[in-house]
Amino acid sequence: MKKIKIGILGFGTVGAGVVEGILKNGELMAQRTGLFPVIGKIADLDIKTDRGVKVDKSLLTTDALSVINDPEIDVIVELIGGVKVAKDFVLRALKNGKPVVTANKALLAEAGRELFEASAKSGAGLYFEASVGGGIPVLRALRDGLVGNKIKSMYGILNGTCNYILTRMEREGLDFDAALADAQKLGYAETPPDLDIDGIDTAHKAVVLASLAYGAPVSMDAFTIEGIRGLSHREIEYAGELGYRIKMLAVIREVNGEIEMRVEPSLVQKKHLLAEVHDAYNAVFVDGDIVGSTLYYGRGAGRLPTASAVIGDIMEAAAGKGGCSDWLLKHKALPVCDPKNILIRCYLRLSLKDQPDVIAQVAHVLGKNKISIASMIQKEQNAGEQVPVVFLTHKALEKDYAAAMEEIERLDVVDGKPVRMAIEDFE
Ligand code: HSE
């Protein structure tokens, strides 16, 4: 039986998971595919730390180039993370004609086009299923199962760390920092976790999804990115009272021939399936014009789930199948719409002085900016004190919200910074 020699760059959490998966199920993979995966070499700067998997020490090296240039190695697996060094290694490997498997969403979001072109030029495939949704094979679903569909919209819970934090905050009343510390202990978060909690990781994954569905090289500057840092319990509580749950959401949809994209914590109706995605799980809700609504759900972070997707790609690369990058280059690209022109509903929480005419002043500013109120709650306090007031609005333009919020913040009767979050109705 033909052996497939794998060269791994980066022996961290996922690298060790890949080795564990191959040691556990290598024979099964061989039965299924006729190709026997073996670990050929592993490069990492730290080859001393015990990774909890059995590896012959002779396979370990600190010299990544010796792996990339080894003629015996059939497939390179890039699990270093970051952009600069990883990009250099991936380009070298592709140039050497070696297929590359990567889980590096930052690399794809920031240098995807260049890598796809290098892959097309050399004929060596680039495979990146593990870059979005951890173990969920959602990129393959978009490329293969849904190839006959025009993708109308995609809604993703794409960051396990954020979803875990929001779940713990809601269920146990844990504060943000304590929930984050647990997510780090469980190995979900990046180091440092800023990329997770500031929405950047979700945005990187959204870029990969958008590229696959719409062929577009979407720039990270082209859409709104907001994270969950500083999210207060009050929002979780009020949203809950109104029948919503807060989820860190990537929204990607086609509207009038343009791609509408945003990444931000959003209110999702509790009855929607995405509101039931808890802990470090990820999910992508895809609406195709032929298939209708579909949902892809699974573990989006962690050692073995991500390794599962990497191994799937290794076997696809070994079988000489094309990967997603070639497919993606041929796709006609749609433009990304200006974020200011996106129509959304919003949740607004203001802290207002409880005295006559205050609601009228706020309502006046909203009305003047073409924002219509859908509902409002105010909890009774002693007259004259500050009182939290929550408004849910009908759809209005993002630019009108921005203008209204600036004006509202300046009103004497408003205390502190108003909170604004999008409401997603999944139309
Ligand atoms: N830090 C990421 C997450 C890991 O929390 O989802 C997978 O990309």
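Just so it is clear, the structure is predicted and the values come from calculations on it, not from any experiment.

Draft legend 1. Highlighting the overall build of the chain. Secondary structure summary: the chain contains 14 helices and 17 strands in total. Oriented by its inertia axes, the alpha-carbon framework of the chain measures out at about 80 × 45 × 35 Å. As displayed, the chain offers around 18400 Å² of accessible surface, 51% of which is attributable to carbon and sulfur atoms. Across the chain, the mean location of the 51 positive side-chain charges is 5 Å away from that of the 58 negative side-chain charges.

Draft legend 2. Quick look at the domain arrangement of the chain. For the chain, the domain assignment lists domain 1 (2-131), domain 2 (141-299) and domain 3 (341-424). Look at where the C-alpha atoms of domain 1 and domain 3 centre, and you get two points 51 Å apart.

Draft legend 3. Representation of the site of the ligand in the model. Contacts to the ligand come from K105, L158, N159, G160, T161, Y188, E190, D196, D201, K205, G300 and A301. In the environment of the ligand, an oxygen atom lies 2.7 Å from a nitrogen or oxygen atom belonging to the backbone of G160. Between the ligand and Y188 there is a distance of 2.7 Å, counted from a nitrogen atom to a backbone nitrogen or oxygen. Protein contacts shield 92% of the accessible area of the ligand, which totals 260 Å² for the unbound molecule. Because more than half of its atoms lie within 2 Å of the grid, the ligand is assigned to the largest pocket. Split by residue class, the shell around the ligand holds three nonpolar, four polar and five charged.

Draft legend 4. Structural context of helix α14 (residues 398-410). Over its 13 residues, α14 extends 19 Å from the first C-alpha to the last, a length consistent with the 18 Å expected when each residue adds 1.5 Å. Listed as buried for α14 are E398, D400, Y401, A404, M405 and I408. Down the axis of α14, the buried set is contained in an arc of 145°. They therefore lie on one face. Those residues of α14 that are exposed and angled more than 90 degrees off the buried face are E406 and R410. Tucked into the core, α14 has its buried residues touching β13 (343-353), α13 (358-368), β15 (386-393), β16 (396-397) and β17 (414-424).

Parameters at a glance
Position numbers for residues start from 1 in each chain and track the written sequence from start to end. Under the rules for a predicted model, residues below a pLDDT of 70 receive no local features and side-chain atom pairs below 80 are neither given nor counted, while totals for whole chains, interfaces and linings still include all residues. Note: side-chain values were computed over all heavy atoms of the structure, leaving out hydrogens and water. Starting at the N terminus, helices and strands are each numbered in turn, a helix being any DSSP run of H or I of at least four residues and a strand any DSSP run of E of at least two. Each accessible area is a Shrake-Rupley estimate made with a 1.4 Å probe; only the visible protein chains count as cover when residues are assessed. In this charge count, Lys and Arg are treated as positive and Asp and Glu as negative; neither His nor the chain ends contribute. The location of each charge is read from NZ of Lys, CZ of Arg, CG of Asp or CD of Glu. For the domains described, the bounds stem from an automatic or database domain assignment. We call a residue near a molecule or strand whenever a single non-hydrogen atom of that residue lies within 4 Å of it. As used in this structure description, the phrase polar contact means that two N or O atoms lie within 3.5 Å; if the pair is within protein, one of them must be able to donate a hydrogen and the other to accept it, and residues adjacent in sequence are counted only when both atoms belong to side chains. Computed over the protein atoms alone on a 1 Å grid, cavities are sets of points where a 1.4 Å probe fits but cannot get out and pockets are open sets with protein on both sides within 12 Å along at least five of seven lines; a residue lines them when it has an atom within 4 Å of a point. A molecule is said to be in a cavity or pocket once over half of its atoms fall within 2 Å of that pocket's grid points. Put simply, Ala, Val, Leu, Ile, Met, Phe, Trp, Tyr, Cys and Pro go in the nonpolar bin, Asp, Glu, Lys and Arg in the charged bin, and everything else, Gly too, in the polar bin. The span you would expect from a helix comes to 1.5 Å times its residue count less one. For every residue, the accessible area obtained with a 1.4 Å probe (protein chains only) is divided by the maximum for its type, and the residue is called buried under 20%, exposed over 50%, and partly exposed between those limits. Directions pointing from the helix axis toward each C-beta atom define the arc. Contact between two residues is taken to exist if any of their heavy atoms lie within 4.5 Å; hydrogens are not considered.

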